[in-house]
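Below are the chains, spelled out letter by letter.
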Amino acid sequence: MTTDTATEVFEEHRPVLMGVAYRMLGRVADAEDVVQEAWLRWSGADRSDVREPRAYLVRVTTRLAIDRLRQVQSRNEAYVGPWLPEPYVTDFAGTVPDAAERAVLADSVSLAVLVVLESLSPLERAVFVLREAFGYPYADIAVTLDRSESAVRQLAGRARRHVDEKRPRYEVDPAQQRDLTERFLAASAEGDLEGLMALLAPDVRLVGDSGGRAQAPLRVIESADKVGRFIHGAARKGAGDVSFRFLEANGGVALLVLSEGKPDSVFQLDVADGRIQCIYVVRNPDKLLSLAVD
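Notes on the structure follow.

A closer look at the packing of aromatic side chains
In this structure the tally under the stated criterion is four aromatic pairs. Considering the side-chain rings of Phe184 and Phe267, the 6.0 Å spacing of their centres and the 45° angle between planes classify their relative orientation as tilted. Of this pair, Phe184 sits in helix 9 (residues 174-189) while Phe267 sits in strand 5 (residues 262-272); the two residues are 83 residues apart in sequence, bridging distant segments of the chain. Given a relative accessible area of 4%, Phe184 falls into the buried group. Residue classification places Phe267 among the buried residues on the basis of a relative accessible area of 16%. Positioned over the ring face of Tyr138 is Arg131, at 4.1 Å from the centre of the ring.

Some details on the pairing of strand 6 (residues 275-282)
Consecutive side chains along a regular strand alternate between the two faces of the sheet. When you tally the buried positions in strand 6, you get seven out of eight residues, the bulk of the element. For strand 1 (residues 200-209) and strand 6, the ladder comprises six bridges, and the chain directions are parallel. Across the sheet, the residue bridging to Asp209 is Val282, located in strand 6. Pairing between strand 5 and strand 6: seven bridges, direction antiparallel. By the bridge assignment, Ala272 is partnered in strand 6 with Arg275. Hairpin connection, strand 5 to strand 6: the antiparallel pair is bridged by two residues, and Asp273 has positive phi, about 55°.

A closer look at the side chain of Thr61
Counting through the fold element by element, Thr61 comes out in helix 3 (residues 53-76). With relative accessibility at 0%, the residue Thr61 sits in the buried group.

Let's talk about the sheet that holds strand 6
Taken in spatial order, the six strands line up as 2-1-6-5-4-3 in an open sheet, and their pairing is mixed. Each edge of the sheet is formed by a strand with only one pairing partner; in this case those strands are strand 2 (221-222) and strand 3 (242-249). Relative to strand 2, strand 1 runs antiparallel, the two sharing two bridges. Bridge pairing links Leu206 to Ile221 in strand 2. Lying on the sheet, helix 11 (residues 224-237) is in contact with strand 1, strand 2, strand 5 and strand 6; it crosses strand 1 at an angle near 50°.

Overview of the environment of His13
For His13, the location among the structural elements is in helix 1 (residues 3-25). Given a relative accessible area of 11%, His13 falls into the buried group. When the C-alpha atoms of His13 and Leu57 are compared, they prove to be 8.0 Å apart, with 44 residues separating the residues in sequence. Setting aside its immediate chain neighbours within four residues, His13 contacts Pro53, Arg54 and Leu57.

Considerations on the pattern of salt bridges
Close approach of charged atoms allows side chains of opposite charge to pair. Inspection of the entire model under this criterion finds 16 salt bridges. Of the charged contacts, one joins Glu124 and Arg158 as a salt bridge, the two residues approaching to 3.1 Å between their closest N and O atoms. One end of the pair, Glu124, is in helix 6 (residues 122-133); the other, Arg158, is in helix 8 (residues 149-166), with 34 residues separating them in the sequence. Salt bridges sharing common partners tie together Asp30, Asp33 and Arg68.

As for the pairing of strand 3
Sheet analysis places strand 3 next to strand 4 (residues 252-259), joined by eight bridges and oriented antiparallel. Across the sheet, the residue bridging to Val242 is Ser259, located in strand 4. Hairpin connection between strand 3 and strand 4: a loop of two residues separates the two successive antiparallel strands, and Asn250 in this loop has a positive phi of roughly 50°.

Let's talk about the packing of helix 7 (residues 138-145) against helix 8
Where helix 7 contacts helix 8, the axes come no closer than 8 Å and their chain directions differ by 100°. By the angle between their directions, the pair helix 7 and helix 8 is classed as roughly perpendicular. Between helix 7 and helix 8, the contacting residues are Tyr138, Ala139, Ile141 and Ala142 on the first element and Glu149, Val152, Arg153 and Ala156 on the second. Of the residues belonging to the contact of helix 7 with helix 8, the class tally is six nonpolar, no polar and two charged.

Notes on the nonpolar core
In this structure, Phe10, Met24, Trp42 and Leu117 are the most contacted members of the largest nonpolar core, which totals 50 residues. Listed by contribution, the elements that provide at least two residues to this core are helix 1, helix 2 (28-44), helix 3, helix 5 (111-117), helix 6, helix 7 and helix 8. Among the elements that take part in this core, helix 1 stands out by supplying eleven residues, more than any other. In this structure, Ala187, Leu196, Ile231 and Val271 belong to the second largest nonpolar core, which totals 21 residues.

About the thresholds
- Residues numbered from 1 in each chain as written.
- Predicted model: local features only at pLDDT ≥ 70, side-chain atom pairs only at ≥ 80, totals over all residues.
- Heavy atoms only, no water.
- Phe/Tyr/Trp six-rings, centres within 6.5 Å; stacked < 30°, edge-to-face > 60°.
- Helix = DSSP H or I, 4+ residues; strand = E, 2+ residues; numbered from the N terminus.
- Buried < 20%, exposed > 50% of the residue type's maximum accessible area, 1.4 Å probe, protein only.
- Lys NZ or Arg CZ within 6 Å of the ring centre and 35° of its normal.
- Pairing = 2+ DSSP bridges.
- Contact = heavy atoms within 4.5 Å.
- Axes fitted to C-alpha atoms, helices over the stretch in contact; angles between N-to-C directions.
- Salt bridge = Lys/Arg side-chain N within 4 Å of Asp/Glu carboxyl O.
- Parallel < 35°, antiparallel > 145°, perpendicular 65-115°, else oblique.
- Nonpolar A, V, L, I, M, F, W, Y, C, P; charged D, E, K, R; others polar.
- Core = buried A, V, L, I, M, F, W, Y, C linked by side-chain atoms within 4.5 Å.

Here you go:
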């Protein structure tokens, strides 16, 4: 396999490798570093005996991601305030023809699921990602992780039970999510506290991630009254050249807030039964770098 051919093969599989790495790590920069390291391993390897390049590359990427995840989890223990994954721009519509498969991919990269995955061990997380998001057989995962198939099945069972216990008990409807996000923006921008409160579920939660580097609540805010008044007050304090953009991030609709043309924050809503169940707000500047616009 020539260098040019090796590059073409790697680029063909890069989206899958990035998908695995991001789901494992929850941060774009870390995922990109892992994929770059996978490329260096691939370009320097003896590829003459590699019969299935995709399987080989996924195996290398997964193992690198496990090593990086152990480092990241140690780093996150000292994180200031709630931790959320870095917003990840997604667009499954043009790449995955099957609607059911798109739904699985979107769910596996959602903020709600990634937050739950953060509490899994690195091996459990790897098994969950490879099995649930990409549909890998247990036997292939066993080879990837150098574990027995029975051990992998046990890891998968524990991970699935944990995710099922902790994840939201509702399915997000994309059209409803878009509608409520637009109404949420309008009520917030207009200072309409009553209209804002009407959008919130009684037990709504707001989770803000600043990493201690921007203004955001250092604890989760709960209840419609507290969340509504916090959003209302924060919107009133907003000043300067502020603009908004909608984008698809983590498999759903997200609202990007720009201040003087630079990313300031990302809002994403979990919705069900016509109400907002949870508001995720990412304000850590390091987690917004990939969203910079020209």
